[in-house]
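# Structural overview for review
So the chains spell out like this:
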Amino acid sequence: MKFDIGNWVKSARLNADLSQEELALALNLSGKASVSAWETNKNGVSFDVMIKISNLCGYPLPYIEPDNTQMIRKSKNGYIRINYLNVCSDINVENTEVEPLEAEQIIEIPEAWAKENIGNNLTSIAIIKAKGDSMNPTLKNGDLLFIDTTIQFYMSDGIYVFYVDNGFSIKRLQLLFDGQYRVMNDNQSRYPSETITRGDLDKIHICGKVVAYWTINRL
């Protein structure tokens, strides 16, 4: 699926009532030339810059349908609707080509269950499906993961969804004393941990933190 990123940048800017100069200033750019080049598709926009524009302008990423920007909507009494995101998340992390954050469908769940097991701030929650075995036994292939999409930075040790050059991954992140991150798989016998150096930290774009998961066992 292709998206007109230039048109998205312009729409986001206009939605926030910003000039090209004002958006450039907010992004710590030297002038409006970069913004103009983005809007005319002369230059590409990196994923981390798109996240910054989305946050600055209060505008959804282009991979999410405009009508679905409200992550949670009331359904019939006692139920809520949460977006299921098709990020092709591969917790086996080998080379994977993905189209980030595309809303695929809506899943209805009991509101009381959601508040008890996920928390009261449900507006920022989205659902993705785990794939692979590198996070066994905690997360299994096919588990539904509830992620807080407002957490786009390292907050504390936990399981995060993050984007790297080869696609999305779901791993544990642990901050070390020297400022580096340890990327850990729960299935240590097959997938050893890795360490991310400070120089490589800007290559990781955190998209959310896993706050709950739902395992379905077939009989």
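Up top is the structure these notes are about.
A brief report on the enclosed structure follows. Per chain, the residues get numbers from 1 upward, laid out in the order the sequence is written. Only residues with pLDDT of at least 70 are given local features in this predicted model, and only at 80 or more are side-chain atom pairs given and counted; all residues enter the totals for whole chains, interfaces and linings. With hydrogens and water excluded, all non-hydrogen atoms of the structure serve as input to the side-chain values.

## Here we look at the overall build of the chain
For clarity, the cut-off: Segments assigned H or I by DSSP are reported as helices when at least four residues long, segments assigned E as strands when at least two residues long, and all are numbered from the N terminus. For the exposure calls, accessible area comes from a 1.4 Å probe over protein chains only, and a residue counts as buried if that area is under 20% of its type's maximum, exposed if over 50%, partly exposed in between. Any two residues whose heavy atoms approach within 4.5 Å are treated as being in contact. Surface accessibility follows the Shrake-Rupley procedure with a 1.4 Å probe radius. Residue values consider only the protein chains on display as shielding.
Along its length, the chain carries five helices and ten strands. Taking all 219 residues of the chain together, the buried fraction comes to 46%. Intrachain contacts of the chain at a sequence separation of at least 6 include 59% that bridge at least 24 residues. Accessible surface, the chain: about 12200 Å² in total, of which carbon and sulfur atoms supply 47%.

## What to know about unusual backbone geometry
The amide bond that connects N136 to the next residue, P137, takes the cis arrangement and shows omega of 5°. Mapping P137 onto the fold places it in the loop between β4 (125–129) and β5 (144–148). A positive phi angle, close to 60°, is found at N28, a residue other than glycine. Summarising the element assignment, N28 is placed in the loop between α2 (20–26) and α3 (33–39). Residue N28 is classed as exposed on the basis of its relative accessible area of 73%. Phi at N41 takes a positive value of approximately 60°, unusual for a residue other than glycine. Among the secondary structure elements, N41 is positioned in the loop between α3 and α4 (47–57).

## A closer look at the pattern of salt bridges
Counted only if it meets this: By convention in these notes, a salt bridge is any Lys or Arg side-chain nitrogen within 4 Å of a carboxyl oxygen on Asp or Glu.
For the structure on display, the rule yields five salt bridges. The shortest N-O distance in the salt bridge between R13 and E39 comes to 2.6 Å. Taken together, the positions of R13 in helix α1 (residues 5–15) and E39 in helix α3 put the pair 26 residues apart, joining distant regions of the chain. Each member of the pair R13 and E39 is classed as buried.

## What to know about α4
What α4 keeps buried is the set F47, V49, M50, I51, I53, S54 and C57. In this structure, the buried side of α4 is in contact with α1, α2, α3, β6 (158–164) and β10 (205–214). Trailing α4 by a residue or two, G58 shows a phi angle of about 60°, which is positive.

None of this, on its own, says anything about what the molecule does.
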